[in-house]
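What follows is each chain in one-letter form.
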Amino acid sequence: MKAKLAGKTQLEPKKKKRIGDLMVAQGIVTQGQLQQALKRQSQVGGHIGSILIEMGYLSIEQLLKFLSQQTGVPSLNLYKYNINERIVSLIPIDKINSLKALPVAANENVVTVAMVNPHDFEAISEIGFLLGKKVKPVVVPSFMMDAAKKSLFQKASSGLRGK
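If you're wondering where the values come from, they're calculated on a predicted model, not measured in any experiment.

(A) Representation of the pairing of strand 5 (residues 134-139) within the structure. Relative to strand 5, strand 4 (residues 110-115) runs parallel, the two sharing six bridges. Note on strand 5: the bridge partner recorded for V110 is K134.

Below you can see the structure in the form of structure tokens.
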């Protein structure tokens, strides 16, 4: 959209749609469900996707599919995925925590990394430099990453086991 300012035409910055509004627009949740979830979010905090799941309005699979569509990268359900301790140990735990990135698979050339923000190019670059490999990001919801990190801090030497 263009706006006139002092005789000059300027592009208006695009207003970024919030995730809940995008879900309503795609028919994933209703406006009423979103409003209830936003009210809950204002009371307890957290991410709207997690709250929608907690309230029973959204399944984990729906959220994973939505996140994948929004980011343009594959999603991964960490609850159903086992990660070998050799893979987990590729990145030091303090880096996993600070970068919000968890290695889930690797070969000699590529490491697949679960990330809350798969467009965090700084983190991707740092991991690539650290490991000397190409980084392939996959998106995971923040609550899944938090659960994985909590599990790792308790028993990092045994890897990570899905359900």
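Let's pick the thread back up.
(B) Focus on the pattern of salt bridges. Scanning the model with the defined rule gives three salt bridges in all. Between R40 and E54 there is a salt bridge, with the nearest N and O atoms lying 3.1 Å from each other. One end of the pair, R40, is in helix 2 (residues 31-44); the other, E54, is in helix 3 (residues 48-54), with 14 residues separating them in the sequence. Since its relative accessible area comes to 30%, R40 is described here as partly exposed. By relative accessible area, which is 52% here, E54 ends up exposed.

(C) Molecular detail of helix 7 (residues 121-131). Restricting attention to buried positions, one finds in helix 7 the residues A123, I124, I127, G128 and L131. Looking straight down helix 7, one finds that the buried residues subtend no more than 135° of arc, so they occupy a single side. Among the exposed residues of helix 7, those pointing more than 90 degrees away from its buried face are F121, E122 and F129. In this fold, the buried residues of helix 7 make contact with helix 6 (93-99), strand 3 (101-106), strand 4 and strand 5. One or two positions beyond helix 7, positive phi appears at G132, with a value near 65°.

(D) Structural view of the side chain of T71. Relative to the helices and strands, T71 resides in helix 4 (residues 60-71). On the accessibility criterion, T71 (18% relative accessible area) is buried. Reaching out from T71, the side chain makes a polar contact with the backbone nitrogen of V73 at a distance of 3.4 Å.

(E) Just the side chain of T112, in detail. Of note, T112 is situated in strand 4. On the basis of relative accessibility, which here comes to 15%, the residue T112 falls in the buried class. Non-local contacts of T112, meaning those with residues more than four positions away in its chain, are made with L102, P103, V104, A105, K136 and V138.

Quick notes on the rules
Residue indices follow the written sequence of each chain, beginning from 1 at its first position. Residues qualify for local features only when their pLDDT is at least 70, as the model is predicted, and side-chain atom pairs are given and counted only at 80 or more; totals for whole chains, interfaces and linings, by contrast, use all residues. Values reported for side chains reflect all heavy atoms of the structure, with hydrogen atoms and water molecules removed beforehand. Following DSSP output, two strands are said to pair if at least two bridges run between them. Numbering of helices and strands starts at the N terminus; helices are DSSP runs of H or I of at least 4 residues and strands are runs of E of at least 2. Here, a salt bridge means any Lys or Arg side-chain nitrogen found within 4 Å of an Asp or Glu carboxyl oxygen. For every residue, the accessible area (1.4 Å probe, protein chains only) is compared with the maximum for its type, and the residue is labelled buried under 20%, exposed over 50%, or partly exposed between those bounds. By definition, the arc is the one covered by directions from the helix axis to the C-beta atoms. Any two residues whose heavy atoms approach within 4.5 Å at even a single point are treated as in contact. Any pair of nitrogen or oxygen atoms within 3.5 Å is treated as a polar contact; in protein, a donor-acceptor pairing is required on top of that, and neighbouring residues in sequence qualify only through side-chain atoms on both sides.

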